[in-house]
Amino acid sequence: MSRNSYVRGAGILAIGGLLSRFIGLFYKAAITKILGSYAMGLYYNTFFVLNFVLSFIIAAVPITLSKMIAEKRTLGQTKTINKIMVVVTVLLSLIGAFFTYTIIFYGKSFIAFAGWDPNTYYPLIGLSFAPLFIVFVCIIRGYFQGMNKMDPTAKSQIAESLARLLVGVPLCYYMTNTYNTSLGAGGATIAISISEAVGLVVLFAAYTRYQKKSTIGLNSNQSIDSVQTIVKSFLSVAVPVSITSLLLSLNGMVNSVTYAPRLAMAGIALKDATKMFGDYSNAGTLINIPMTISMAVSTAILPAITESYVRKDMASICRKTESAMRIIFMVGFPCIVGLSLFSDQIFSMIFNDSIYGGHILSYSSLSILFIMMVATLQTILQAMNVFKRVMKDIVIGTIIKFILNYTLIAIPGLNIDGMIISNFVSFGVIALLNYRILKKITGYRVNIWQTIIKPLLSSLIMAVFLMLLGNIVFAYFSNSIAIILIVLGAVPFYTIALFLTNTIKQEDLDMIPGGEKLKKYYRKG
């Protein structure tokens, strides 16, 4: 797979992911206005449970299947791919059913263990059937990603988000007005299960069409791996990847299980603590928008790195890694600038009933680059079968986060800011440790001037422009219109700054719709 091919795939996923995120943002904004910070705290409690319980499926399955299928495709063992799909589907169906059983029958016990509000039970039950659908969604996505077909994943993401918006908001509104906000939060989570079912329908239709056109399996001379070999290969990747994902979820769970007792030590009541956590999680929703780019890059680069690693082409791995890192910094820096400068206005535009949101968003945005780096570097390392050292780095970062959370959140002058600080430090440590491993294995060294300094300079130039523009638009327009105008002004201005500083490369333009037309303005530096 060429570097341009992977960048183009990342572009498709980025567009689909961003559209999905923006639709999801409208969904989150709508249910936040319906539920308020308290019920949103209940909603996010269950979300962290879903991520924790399903970390094996959500993260490990697409990565593992993508890697296995890319390897078989590179080696020309196409018949084994179909058998992999059958074996993995049977295996994971049982696991999905087990997770559904666990949520239904042990949900209350987990809520009591975490010290959460008992009303968390209603939104938790709403998620109970999501694992059954998520299993099949992840299997088919992993298949297409391994085949370097990113369109079905992007389309299914958009379909899921639309279903969540069109079903979740009316259901949340009905349950809230008919009963109470706790049951309204349950209605919102039921929509998540429904949206996963819709995404599955879209993916299965694409899979059926692709299989009819595919020539896989026509060569009768191909050897086919045994079921035992497939299961062993799957588990050899899926287990360490799932442990890695579980550890990252545990890193997030540190916030969930420490915020209530430690904020109580700071003199903050449980209801106010839940509101703070709801606002912190809403800020995370906004921060996750640029994360879409890093996830797209990670998803697209995994089969690309796998192919290079199978061929033992370290030079190719370094080139692809440098391209990925440059994209991350080009996206991360301006997002930090925008979210920091206009945090209050952005938060109040999207989420109402918020006391702490703007402040939390302003400082939480500083973690964006480290989180994006961790997502990308870990994927590259996993593509090269580096698992144990990745897990060790997460453990170190999580221990640091727990210590900082336990210490800082209880300080009255910091309270929720302690969680922001611990998140920044934790992901910063993990990112730097991951980079050290990659450098040792491949010899990769980040091009500081081209990859970091140039995007930073372009972002600082944009920051000056945005401050001047902000002073004008906020004086004459409403908050929402002003933010829209700022975004519309920031994108072309930053793009021009990237071209003027020669930060953007020709292959980067493959991520952008109409990128071929923009290449005529490109100059080599």
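Residues numbered from 1 in each chain as written. Predicted model: local features only at pLDDT ≥ 70, side-chain atom pairs only at ≥ 80, totals over all residues. Heavy atoms only, no water.

Visitor: How would you sum up the overall build of the protein chain? Please name residues and give values.
Guide: In terms of regular secondary structure, the protein chain is built from 18 helices and zero strands. Taken against the 2.2 N^0.38 rule, which gives 24 Å for 525 residues, the C-alpha radius of gyration of the protein chain at 23 Å falls within 12% of a compact globule. With the principal axes as the frame, the protein chain shows a C-alpha extent of 70 × 60 × 40 Å. Buried positions account for 56% of the 525 residues belonging to the protein chain. (Helix = DSSP H or I, 4+ residues; strand = E, 2+ residues; numbered from the N terminus. Rg over C-alpha atoms; globule rule 2.2 N^0.38 Å. Buried < 20%, exposed > 50% of the residue type's maximum accessible area, 1.4 Å probe, protein only.)

Visitor: Help me get a handle on the packing of helix α13 (residues 368-383) against helix α15 (residues 416-442), residues and values and all.
Guide: Running from amino to carboxyl end, α13 crosses α15 at an angle of 35°, the nearest separation of the two axes being 9 Å. Crossing angle aside, the handedness with which α13 passes α15 is left-handed. Listed contacts from α15 to F370, I371, M373, V374, L377, Q378, I380 and L381 of α13 are N423, F424, F427, G428, I430, A431, N434, Y435, I437, L438 and I441. For the contact of α13 with α15, the residue count by class is 15 nonpolar, four polar and no charged. (Axes fitted to C-alpha atoms, helices over the stretch in contact; angles between N-to-C directions. Left-handed = near helix turned anticlockwise from the far one by under 90°. Contact = heavy atoms within 4.5 Å. Nonpolar A, V, L, I, M, F, W, Y, C, P; charged D, E, K, R; others polar.)

Visitor: Run through the packing of aromatic side chains, naming residues and quoting values.
Guide: Under the defined criterion, the tally for this structure stands at 18 aromatic pairs. Considering the side-chain rings of F144 and Y207, the 6.4 Å spacing of their centres and the 80° angle between planes classify their relative orientation as edge-to-face. Taken together, the residues F144 in helix α5 (residues 130-146) and Y207 in helix α7 (residues 181-213) connect sequence positions 63 residues apart. Exposure class is identical for F144 and Y207. Each is buried. Following the ring pairs from residue to residue traces out a cluster consisting of Y143, F144, Y207 and Y210. The ring of Y309 carries K312 above its face, with NZ or CZ at 4.3 Å from the centroid. (Phe/Tyr/Trp six-rings, centres within 6.5 Å; stacked < 30°, edge-to-face > 60°. Lys NZ or Arg CZ within 6 Å of the ring centre and 35° of its normal.)

Visitor: Tell me about the pattern of salt bridges, and name the residues and values.
Guide: A full pass over the atoms with the stated rule returns five salt bridges. Two residues, R73 and E307, come together in a salt bridge whose shortest N-O distance is 2.9 Å. Taken together, the residues span a long stretch of sequence, with R73 in helix α2 (residues 55-75) and E307 in helix α9 (residues 270-310) at a distance of 234 residues. A relative accessible area of 3% places E307 in the buried class. Beyond isolated ion pairs, a larger network of salt bridges with shared partners links R73, E307 and R311. (Salt bridge = Lys/Arg side-chain N within 4 Å of Asp/Glu carboxyl O.)

Visitor: Tell me about helix α12 (residues 357-364), and name the residues and values.
Guide: α12 sits mainly inside the fold: six of its eight residues count as buried. Close packing links the buried residues of α12 with α9, α10 (314-341), α11 (343-350), α13 and α15.

Visitor: If you had to explain a positive patch on the surface to someone new, which residues and values would you point to?
Guide: On the surface, a cluster of positive charge is made up of R389, K392, R436 and K440. Mapped onto the elements, R389 comes out in helix α14 (residues 388-408). (Patch = residues over 30% accessible without salt bridge, like charges linked within 9 Å, V, L, I, M, F, W, Y side chains within 5 Å. Areas by Shrake-Rupley, 256 points an atom, 1.4 Å probe, with all protein chains shown as cover. Lys, Arg positive; Asp, Glu negative; His and termini not counted. Charge placed at Lys NZ, Arg CZ, Asp CG, Glu CD.)

Visitor: Go over the packing of helix α3 (residues 78-114) against α5, please, and point to the residues and values.
Guide: Two elements in contact, α3 and α5, have axes whose closest approach is 8 Å; the angle formed by their N-to-C orientations is 155°. Regarding the angle of α3 to α5, the classification is roughly antiparallel. The two elements α3 and α5 cross, and the hand of that crossing is right-handed. Residue-level inspection shows I81, M85, V88, T89, L92, S93, G96, A97, F99, T100 and I103 of α3 in contact with α5, the latter providing P131, L132, V135, F136, I139 and Y143. A per-class count over the contact of α3 with α5 returns 13 nonpolar, four polar and no charged. (Parallel < 35°, antiparallel > 145°, perpendicular 65-115°, else oblique.)

Visitor: Please set out the nonpolar core residue by residue, giving values where relevant.
Guide: By size, the foremost hydrophobic cluster in this structure holds 140 residues, and its most contacted members are I31 and L286. Ranked by residue count, the leading element in this core is α9, at 16 residues. (Core = buried A, V, L, I, M, F, W, Y, C linked by side-chain atoms within 4.5 Å.)

Visitor: Could you give an account of the side chain of N434, with specific residues and numbers?
Guide: For N434, the position within the fold is in helix α15. For N434, a relative accessible area of 0% translates into the label buried. Those residues within four positions of N434 in sequence are excluded, and the remaining contacts are V374, L377, Q378, L381 and D393.

Visitor: I'd like to hear about a nonpolar patch on the surface, residue by residue, with values.
Guide: A surface patch of nonpolar side chains, amounting to about 730 Å² of accessible area, comprises I472, Y476, F477, I481, I484, L485 and L488. Counting residues per element, the ones that place at least two in the nonpolar patch are α16 (448-476) and α17 (479-500). A total of four residues in the nonpolar patch trace back to one element, the largest contributor, which is α17.

Visitor: Can you lay out the environment of I496 for me, pointing to particular residues and giving the numbers?
Guide: Within the fold, I496 resides in helix α17. Here the alpha-carbon distance between I496 and L369, two residues 127 residues apart in the chain, equals 22 Å.

Visitor: Pulling in residues and values, what's your account of the environment of A114?
Guide: Mapped onto the elements of the fold, A114 is located in helix α3. According to the relative accessible area criterion, A114 is buried, its value standing at 9%. Residues A114 and T258, 144 residues apart in the sequence, show an inter-C-alpha distance of 8.7 Å.

Visitor: Talk me through α3; I want residue IDs and the actual numbers.
Guide: Taking 1.5 Å as the rise per residue, α3 with 37 residues should run 54 Å; its terminal C-alpha atoms sit only 47 Å apart, a clear shortfall. Along its length, α3 reaches its greatest deviation from straightness, about 65°, at Y106. Just beyond α3, the residue with positive phi is G115, at close to 75°. (Expected span 1.5 Å × (residues − 1). Bend = angle between axes of the 7 residues up to and from the residue.)

Visitor: So what's going on with the confidence of the model for the protein chain? Residues and values would help.
Guide: Of the residues in the protein chain, 91% reach a pLDDT of 70 or more, and the chain-wide mean stands at 86. Per-element confidence in the protein chain ranges from a low mean pLDDT of 55 for helix α18 (residues 515-518) to a high of 95 for α15. (pLDDT = per-residue confidence, 0-100.)

Visitor: Tell me what's going on with the environment of S128, and back it up with residues and numbers.
Guide: Looking at where S128 falls in the secondary structure, it is placed in the loop between α4 (121-126) and α5. S128 gets classed as buried once you look at its relative accessible area, which sits at 2%. In the structure, S128 is positioned 252 residues away from I380 in sequence and 33 Å away in space, judged by C-alpha atoms. Discounting residues that sit within four places of it in the chain, S128 has contacts with T100, I103 and I104.

Visitor: Which residues make up unusual backbone geometry, and what values go with them?
Guide: For N385, which is not glycine, the phi dihedral falls at a positive 65°. Position of N385 among the secondary structure elements: in the loop between α13 and α14. With relative accessibility at 40%, the residue N385 sits in the partly exposed group. With a phi angle near 40°, N415 is a residue other than glycine that sits in the positive phi range.

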